[in-house]
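# Descriptive analysis of the structure
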Amino acid sequence: MSSRRPIGYVVEIDGPQLLVNLLDDSRGHVAGHRDGLSTVEQPGDLVGIDAGAETIILRIMTVAFAEPREVHAAGRGRSSNAPQEPLRQLRGRVVGCLAKRDGKLIFSPQEWRLPVLGASVYPLSDIETVATIGATGIEAEQIRLGADSRNRAVEVCANIDQVLGRHMAILGSTGQGKTHFVAAVLQQLVRLPKSRIVVFDVNGEYTPAFAHLGQRVKITQLGGPNGGLRIPYYALGRHGLSRLLIPSEKAQMPTLRFAIEHLRFVEADAHGAKPVGEQANVLFDDCHTGNPTQASQAIAAIRTGTSPMANLWPHMRALSCLATEWYVLSPGRNGVERNAFQYGHIQSMINRIRGLIEDSQFTSVVEISGGDGLTRPLSMDAECAALVREVFGPPVFGQNDWSVHIVDLSRLTQDLMPFVLGSLLEMFAAEIFKRGPGNTHPTMLALEEAHHYLRQLPGESDGGQQALAYERLAKEGRKFGLSLLISTQRPSEVSPTVLSQCGTWAVFRLNNEADQRAVASAAETAGLNVSRQLAGLGRGEAITFGAALPVPTRLSVGRPNPEPDSKDPPFLRKWSV
């Protein structure tokens, strides 16, 4: 640093926060040296502090006059004693230090490395800036996130393992560039020959960005009139159905478990159910239709396993019929009776099953009529495992497997989205946890508009127990080869547990105070200086910080090629025709 003129000196050390007096001849926003120009004296800028063999890196937080009242008086001519050159000071926070190792500058993010009082403060050269925030690793092991907003020549990159090893959160208001940024990141990851990425595409935007991959991309439309994927309800398994039907823990969950475990012993249509081989329906879900004695005998045969097993999965109505009859049948004065009071405990869940069966939007996505099973005897575990392979890929990466699976959810209505997507995530979580660590090919889930389904749902009043499985995905998924990329415009509506597990953050402009607080409380490295910048970011700008980045950096994000179908509507051009 001897070739550069200092801009100030340290006068106060308060832990990692330092106070610097600026020299009288350092009055501009840039400082010149033999390596060029560096921006200084603006919040967010980086400067270096001489520490012998090392250079301590300080991020500027505030710049102010030491005695602002005297400066004001001098400007108004009311005080002849005010100094002509008022003292200016900056406050900053130590973010790490630079040191030469084997002839190369290496940055270490260590707040505890502090200077001595009076240490000189210098502008950083481009080489030092690149070593601090730029691309310094092996190119093939990194992805480019963008360029430093203050110096576009400095590219900001992150190590792939560090990004994927801890989940990534991409947050920002609508129209700020989240979708393009997600696509740019994924396009770089998919260059790896055995990458596996599943994109939950809520708005149907990502297909153009990956169509050029040919056989390496798989595109699935969920539901819709054009032959899209319809999920058999029984393939959701116990965990997925629990998420879909949100039963209460005390009464409804046990009845639902009984119904799920005994589906294989009944036949059903849209009106009722019966044990396999019976002529007419004897099980119903309205607490009064049919003979209760016959229903009790049927439930007893199903429960004890004396009823024969079915060769086909029954209609979804079997769930509500089995749950109702198992719970409400009880001895009475005149023999077996249906207890209407007991029925009240489970009626909300029964009504939900009925409502879904009669909802054409739901039945366009979920197959409710039953059908042939994959195995004999029928196995819900086998059906669930097959659906996991269909959506999330097989446990082992094959020679002709896809690298990107875009699940187009644009046909899924907003009211059903949290339940259907939540069910898929619950099912996937149960499957990979059952396989155990190391038995699933490393997979990234890109969860667009995550606030729709990574949250507690209406009806989860008894502690929100149904939310625990996907929160466990966030907490423990990395042990099982899973990485999450969570994109949302409302971080305050996403599960705080999920957000707190994200290690790398790219935060675009956020105007809502609740969203800003959610970021500050969830991100361990989001200091006050980061939070204060969120509302002032320009379009296409983000603050990136976390485990994969040495220091928080304001950057202009990179653009994907080709781009997703996420553009502003051309109001002027269309309205002017």
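Residues numbered from 1 in each chain as written. Predicted model: local features only at pLDDT ≥ 70, side-chain atom pairs only at ≥ 80, totals over all residues. Heavy atoms only, no water.

## A look at the overall build of the protein
The secondary structure content of the protein amounts to 18 helices and 28 strands. Per-residue burial for the protein yields a buried fraction of 51% across its 577 residues. For the protein, the accessible area works out to roughly 25900 Å², and carbon and sulfur atoms hold 49% of it. (Helix = DSSP H or I, 4+ residues; strand = E, 2+ residues; numbered from the N terminus. Buried < 20%, exposed > 50% of the residue type's maximum accessible area, 1.4 Å probe, protein only. Areas by Shrake-Rupley, 256 points an atom, 1.4 Å probe, with all protein chains shown as cover.)

## Some details on empty space enclosed by the protein
Counted under the stated rule, the structure contains 4 cavities of 30 Å³ or more. Taken as a whole, the largest cavity spans an internal volume of roughly 60 Å³. In terms of lining, the largest cavity is formed by 10 residues, of which the most central are Arg59, Gln533, Ile543, Pro552 and Arg554. Counting residues per element, the ones that place at least two in the lining of the largest cavity are helix H17 (528-533) and strand S28 (553-557). (1 Å grid on protein atoms, 1.4 Å probe; cavity = no way out; pocket = protein on both sides within 12 Å on 5 of 7 lines; lining within 4 Å. Points joined across faces, edges and corners; volume = space filled by probe spheres on them.)

## Here's the deal with the confidence of the model for the protein
Here the protein shows a mean pLDDT of 87. Residues at 70 or above account for 89%. In this model, residues 461-467 is a region of pLDDT below 50 whose contacts with residues beyond four sequence positions or in other chains number 14 contacts. (pLDDT = per-residue confidence, 0-100. Contact = heavy atoms within 4.5 Å.)

## So, the pattern of salt bridges
All chains considered together, the criterion is met by 23 salt bridges. Note that Arg376 and Asp372 form a salt bridge whose closest N and O atoms lie 2.7 Å from each other. The exposure class of Arg376 is partly exposed, given its relative accessible area of 48%. Taken together, the shared-partner salt bridges connect Asp285, Arg317 and Arg354 into one network. (Salt bridge = Lys/Arg side-chain N within 4 Å of Asp/Glu carboxyl O.)

## A look at the nonpolar core
Counting residues in each nonpolar core, the largest one holds 103 residues, and the members touching the most others are Phe200, Leu283, Met316, Leu319, Leu447, Leu454 and Trp505. Ranked by the residues each element gives to this core, the list is headed by helix H13 (residues 417-435), at 11 residues. (Core = buried A, V, L, I, M, F, W, Y, C linked by side-chain atoms within 4.5 Å.)

## A word on the layout of surface pockets
Volume-wise, the second largest pocket comes out at about 450 Å³. In terms of lining residues, the second largest pocket is bounded by 22 residues, among which Gly175, Gln176, Gly177, His180 and Ser566 are the most central. Ranked by residues supplied to the lining of the second largest pocket, first place goes to helix H4 (residues 178-189) with 3 residues. The class makeup of the residues in the lining of the second largest pocket is 1 nonpolar, 12 polar and 9 charged. (Nonpolar A, V, L, I, M, F, W, Y, C, P; charged D, E, K, R; others polar.)

## Here we look at the sheet that holds strand S12 (residues 167-171)
Taken together, 11 strands build an open sheet; the order of strands is S11-S10-S28-S27-S26-S12-S25-S24-S13-S23-S14 and the sheet is mixed. In this open sheet, the two edge strands, each paired with only one partner strand, are strand S11 (155-159) and strand S14 (217-221). Neighbour-to-neighbour, the strand axes of this sheet turn through a mean angle of 25 degrees, independent of strand direction. Contacts between helix H12 (residues 380-392) and the sheet are confined to strand S13 (197-201), S14, strand S23 (404-408) and strand S24 (443-447), with S13 contributing the most and set at about 85 degrees to the helix. H13 contacts S13, S24 and strand S25 (482-488) of the sheet and is inclined by roughly 165 degrees relative to S24. (Pairing = 2+ DSSP bridges. Axes fitted to C-alpha atoms, helices over the stretch in contact; angles between N-to-C directions.)

## Remarks on the pairing of strand S9 (residues 120-123)
Along a regular strand, successive side chains alternate from one face of the sheet to the other. In this sheet, S9 lies alongside strand S1 (residues 8-14) in antiparallel orientation, the contact comprising 2 bridges. If you follow Tyr9 over to S9, its bridge partner there is Ser120. Relative to S9, strand S5 (residues 46-51) runs antiparallel, the two being bridged by 3 bridges. Its bridge partner being in S9, Gly48 is matched across the sheet by Tyr122.

## As for unusual backbone geometry
Of note, the amide linkage connecting Arg376 to Pro377 takes the cis form, showing an omega dihedral of -5 degrees. With respect to the helices and strands, the residue Pro377 is situated in the loop between strand S22 (371-372) and H12. You will see that Ile246, though not glycine, has its phi angle at about 35 degrees, which is positive. Looking at the secondary structure, you find Ile246 in the loop between helix H6 (237-245) and helix H7 (252-261).

## A short note on the packing of H6 against H13
Two elements in contact, H6 and H13, have axes whose closest approach is 7 Å; the angle formed by their N-to-C orientations is 155 degrees. Of the possible angle classes, the one that applies to H6 and H13 is roughly antiparallel. The crossing of H6 and H13 is right-handed. The segment H6 lies against H13, with His239, Gly240, Arg243 and Leu244 engaging Pro418, Phe419, Gly422, Ser423, Glu426 and Ala430. Across the contact of H6 with H13, the residue classes tally to 4 nonpolar, 4 polar and 2 charged. (Parallel < 35°, antiparallel > 145°, perpendicular 65-115°, else oblique. Left-handed = near helix turned anticlockwise from the far one by under 90°.)

## Comments concerning the packing of aromatic side chains
Throughout the structure, instances matching the rule amount to 9 aromatic pairs. Arranged with centres 5.8 Å apart and planes meeting at 65 degrees, the rings of Phe181 and Phe508 form a pair that is edge-to-face. Here Phe181, found in helix H4, pairs with Phe508, found in the loop between strand S26 (502-507) and helix H16 (513-522); they are 327 residues apart in sequence, far enough to count as distant. Under the relative-accessibility criterion, Phe181 is labelled buried at 1%. Given a relative accessible area of 0%, Phe508 falls into the buried group. Following the ring pairs from residue to residue traces out a cluster consisting of Phe200, Phe392 and Phe428. (Phe/Tyr/Trp six-rings, centres within 6.5 Å; stacked < 30°, edge-to-face > 60°.)

## Section: H4
Helix length check: H4, at 12 residues, gives a terminal C-alpha distance of 17 Å against a target of 16 Å (1.5 Å per residue), a fit within 8%. The buried fraction of H4 is high, at 12 of 12 residues. Within H4, burial applies to Lys178, Thr179, His180, Phe181, Val182, Ala183, Ala184, Val185, Leu186, Gln187, Gln188 and Leu189. (Expected span 1.5 Å × (residues − 1).)

## Describing H7
Here H7 lies mainly inside the structure; 7 of its 10 residues are buried. Turning to H7, its buried residues are Gln252, Met253, Thr255, Leu256, Phe258, Ala259 and Ile260. For H7, the elements touching its buried residues are H6, helix H8 (292-304), helix H9 (317-328), helix H10 (340-357) and H12.

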